[in-house]
Amino acid sequence: MSNPLSHPEDPDFHSSIQENLKQLSAQLGSPWSELSVMEIYQNACDLLSYVSPSPLTLARVAGTLLVYRVTDTEPEEFEWFSTQVKQCLDEEEVEELIESIHRTDAL
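Model, not experiment: these values are computed from the prediction. (Residues numbered from 1 in each chain as written. Predicted model: local features only at pLDDT ≥ 70, side-chain atom pairs only at ≥ 80, totals over all residues. Heavy atoms only, no water.)

1. Points about the overall build of the protein
- Within the protein, the secondary structure is distributed over five helices and zero strands.
- Order of helices (α) and strands (β) in the protein, N terminus to C terminus: α-α-α-α-α.
- Counting every position in the protein, which comprises 107 residues, the buried fraction comes to 36%.
- Contacts in the protein between residues far apart in sequence, at least 24 positions, make up 59% of those at least 6 positions apart.
- Carbon and sulfur atoms form 50% of the exposed surface of the protein, whose accessible area is close to 6,400 Å². (Helix = DSSP H or I, 4+ residues; strand = E, 2+ residues; numbered from the N terminus. Buried < 20%, exposed > 50% of the residue type's maximum accessible area, 1.4 Å probe, protein only. Contact = heavy atoms within 4.5 Å. Areas by Shrake-Rupley, 256 points an atom, 1.4 Å probe, with all protein chains shown as cover.)

In structure tokens form, the structure reads like this:
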């Protein structure tokens, strides 16, 4: 698998995000294999390939995808999130989407 995103200013960020995803899956009680983590990471890269995101935004999207998978979220919710990310016009909108998911106040 190749990574469609490249950040020459930080060549280790891809492996760092993947390692953090692996640790997060273990903390959530469902340790994932390296291959499964790479799949989630690649999904996040694919979703964000049009915006050239910062490492933080990429990590947040990948983490959200991982949580959806580990917690057996309904497939419709997973698809909804993916569709919403694809509809965002830029990285800022992606960040706002993620923030809105975690918001506990009534909108």
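2. Some thoughts on helix 3 (residues 55-70)
- With 16 residues, helix 3 should reach 22 Å at 1.5 Å per residue; the first-to-last C-alpha distance of 22 Å fits that figure.
- Of the residues making up helix 3, those classed as buried are Thr57, Leu58, Val61, Ala62, Gly63, Thr64, Leu65, Leu66, Tyr68 and Val70.
- A positive phi of about 50° marks Asp72, the residue just after helix 3. (Expected span 1.5 Å × (residues − 1).)

3. Things to note about the packing of helix 1 (residues 13-27) against helix 2 (residues 34-48)
- Two elements in contact, helix 1 and helix 2, have axes separated by 9 Å at closest approach and are oriented at 120°. You can see that helix 1 and helix 2 cross each other, and the crossing is right-handed. Seen from helix 1, the contacting residues are Phe13, His14, Ile17, Gln18, Leu21 and Lys22; seen from helix 2, they are Glu34, Val37, Met38, Ile40 and Tyr41. (Axes fitted to C-alpha atoms, helices over the stretch in contact; angles between N-to-C directions. Left-handed = near helix turned anticlockwise from the far one by under 90°.)

4. As for the confidence of the model for the protein
- Overall, the predicted model of the protein reaches an average pLDDT of 84, with 85% of residues at or above 70.
- Here residues 1-9 scores under 50 on pLDDT; set against residues more than four positions off or in separate chains, the count is 21 contacts. (pLDDT = per-residue confidence, 0-100.)

5. Topic: the packing of aromatic side chains
- Per the counting criterion, the structure on display carries two aromatic pairs.
- A ring pair is formed by Tyr68 and Phe81, whose centres lie 5.6 Å apart and whose planes are at 80°; its orientation type is edge-to-face. Within this pair, whereas Tyr68 is found in helix 3, its partner Phe81 is found in helix 4 (residues 75-87), the two being separated by 13 residues in sequence. Here the two residues Tyr68 and Phe81 agree in accessibility, since each one is buried.
- The rings of Tyr68, Phe78 and Phe81 are connected pair by pair, giving a single aromatic cluster. (Phe/Tyr/Trp six-rings, centres within 6.5 Å; stacked < 30°, edge-to-face > 60°.)

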